[in-house]
Amino acid sequence: MARYVIEVADRPALPVHGQDGLFPVHRVFCVGRNYAEHAREMGHDPDREPPFFFGKDAAALTGASEVAYPPATADLHHEIELVVALKAGGRNIAAARARELIYGYAVGIDLTRRDLQAVAKKLARPWYLAKSFIGAAPVGPIHPVEAVGHPREGAIRLEVDSEVRQDGDLAQMIWGVEEMIQILSEHDLLLPGDLIMTGTPAGVGPVRPRQRMTGSIAGLGAIEVTMTGEATATGG
């Protein structure tokens, strides 16, 4: 077996609630504008147009309680999301079979360098630098389906320093989890270890260094993340 020519980093993984084992992460898919009120606050029509997806590098995941404020931004935004963890994959998965692929669910926060995203949108460029940086995806422990079922309604909420910023319900999703799995599997081969971040309700906004975010979803508990470091201008 060939040896790697540089040291190999540990594979990204998330803890599993109530277990010692880790869930190995392969890819992170994210769906955009999946709650109508959030689509409106971002200046878009919330009609049920086909969903669009972007990605975060698995290395952006973190389970840490402290996350460094990223460089090259002065406008970092929080987006609370339901995270779906897949135990199996495949192509052309019918929505009726989608639940067979799901290992469990977690609370996640999609951190976004909004100023970089705005520039990318204006120039019709990819969002990668805005969405995928080290620490860009704080995610809590995965709760297996056997313990929590398949959450499809219930509060999804985010506070910053005890101030409620986002307060929605999973039932407000435009595209459901099963539909997202079906559509993704029509475009690519889904793999065990893939995650899907399912979109965020209205109320996204800035988080500053030394502020604490508390994100929660009914039945899945809460995560707390404090930003450290300093904000910096983009120079863009």
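Okay, so let's go over this structure. Along each chain, residues carry numbers from 1 onward, in the same order as the chain's sequence is written. Only residues with pLDDT of at least 70 are given local features in this predicted model, and only at 80 or more are side-chain atom pairs given and counted; all residues enter the totals for whole chains, interfaces and linings. No hydrogens and no water enter the side-chain calculation; it runs on all heavy atoms of the structure.

**Side note on the overall build of the chain**
Right, so step 1: Within the chain, the regular secondary structure consists of 5 helices and 18 strands.
Right, so step 2: What the globule rule says is 2.2 Å times the number of residues to the power 0.38, and the radius of gyration is computed from C-alpha atoms. Whereas a compact globule of 236 residues would reach a radius of gyration of roughly 18 Å, the chain reaches 17 Å, a difference of no more than 12%.
Right, so step 3: When the backbone C-alpha atoms are referred to their principal axes, the chain occupies close to 50 × 45 × 35 Å.
Right, so step 4: Whether two residues touch is decided by their heavy atoms; if any such pair falls within 4.5 Å, the residues are in contact. Pairs at least 24 residues apart make up 75% of the contacts formed inside the chain by residues separated by at least 6 positions.
Right, so step 5: When the accessible surface of the chain is split by element, carbon and sulfur atoms take 53% of a total near 11300 Å². Where helices and strands are cited, they refer to DSSP runs of H or I of at least four residues and of E of at least two residues respectively, numbered from the N terminus. Where accessible areas are quoted, they stem from the Shrake-Rupley method and a 1.4 Å probe; at the residue level, only the protein chains shown are allowed to cover.

**What to know about the pairing of strand E9 (residues 102–109)**
Right, so step 1: Classification of residues uses two cut-offs on accessible area relative to the type maximum, computed with a 1.4 Å probe and protein chains only: under 20% is buried, over 50% is exposed, and between them is partly exposed. With 7 of 8 residues buried, E9 is to be regarded as a mostly interior element.
Right, so step 2: Both strand E8 (residues 80–86) and E9 contribute to a ladder of 7 bridges, which runs antiparallel. Across the sheet, the residue bridging to Leu82 is Val107, located in E9. At least two DSSP bridges between two strands are required for those strands to pair.

**Observations concerning helix H2 (residues 114–122)**
Right, so step 1: Arg114, Asp115, Gln117 and Ala120 are the residues of H2 that are buried.
Right, so step 2: Looking one or two residues past H2, Ala124 carries a phi angle of roughly 55°, positive in sign.

**With respect to the sheet that holds strand E13 (residues 155–160)**
Right, so step 1: Sheet architecture is open: 5 strands sit in the order E6-E18-E17-E13-E14, paired in mixed fashion. The sheet is open, and its two edges are formed by strand E6 (66–68) and strand E14 (163–169), each paired on a single side. Sheet twist, expressed as the mean angle between neighbouring strand axes with direction ignored, is 20°.
Right, so step 2: Where strand E17 (residues 212–217) lies against strand E18 (residues 221–228), 6 bridges are found, and the strand directions are antiparallel. Following the sheet pairing, Gly215 is matched in E18 by Ile223. For every element, the axis is a line fit to its C-alpha atoms; helices are fit only across the contacting stretch, and the angle between N-to-C directions ranges from 0 to 180 degrees.

**Describing the nonpolar core**
Right, so step 1: Grouping buried Ala, Val, Leu, Ile, Met, Phe, Trp, Tyr and Cys residues that are joined through side-chain atoms within 4.5 Å yields what is termed a nonpolar core. By size, the foremost hydrophobic cluster in this structure holds 43 residues, and its most contacted members are Leu82, Ile102, Leu111, Ile181, Met213 and Met227.
Right, so step 2: Elements supplying a minimum of two residues to this core: strand E3 (28–31), E8, E9, E13, helix H5 (177–187), E17 and E18.
Right, so step 3: Tallying contributions element by element places H5 first for this core, with 5 residues.
Right, so step 4: Among residues more than four places away in sequence, those in contact with Ile181 are Leu86, Ile93, Ala98, Leu101, Ile102, Leu190 and Ile196.
Right, so step 5: Counting 19 residues, the second-largest nonpolar core is a separate cluster that includes Leu14, Phe23, Ala85 and Leu195.

**Observations concerning H5**
Right, so step 1: Taken as a whole, H5 has its buried residues at Val177, Glu178, Met180, Ile181, Ile183, Leu184 and Ser185.
Right, so step 2: Considering only its buried residues, H5 is in contact with E3, strand E4 (53–56), E8, E9 and strand E15 (195–197).

**What to know about the pairing of E3**
Right, so step 1: The side-chain alternation of E3 yields two buried faces, one formed by Val28 and Cys30 and the other by Phe29 and Val31.
Right, so step 2: Bridge count between E3 and E4: 4 bridges; the pairing is antiparallel. For Cys30, the partnering residue across the bridge sits in E4 and is Phe54.
Right, so step 3: Two strands pair when backbone bridges link them, and E3 and E15 are joined in this way by 3 bridges, in the parallel orientation. Among the inter-strand pairings, Cys30 is bridged to a residue of E15, identified as Met197.

**Re the packing of aromatic side chains**
Right, so step 1: Pairing of aromatic side chains here covers Phe, Tyr and the six-membered ring of Trp, requires ring centres within 6.5 Å, and sorts the geometry by plane angle: under 30 degrees stacked, over 60 edge-to-face, intermediate tilted. One pass over the structure, following the stated rule, counts 3 aromatic pairs.
Right, so step 2: A centroid spacing of 5.7 Å and a plane angle of 90° characterise the contact between Phe52 and Trp127, whose relative ring orientation is edge-to-face. Separated by 75 residues along the polypeptide, Phe52 in the loop between helix H1 (36–41) and E4 and Trp127 in the loop between H2 and helix H3 (128–131) bring together distant segments of the chain.
Right, so step 3: Owing to a relative accessible area of 24%, Phe52 belongs among the partly exposed residues under this scheme.
Right, so step 4: Taking the relative accessible area as the measure of exposure, Trp127 reaches 19% and is therefore buried.
Right, so step 5: Look at Phe54 and Trp127: their rings are 5.4 Å apart centre to centre, the planes differ by 50°, and that puts the pair in the tilted class.

This is a description of form; function is not addressed.
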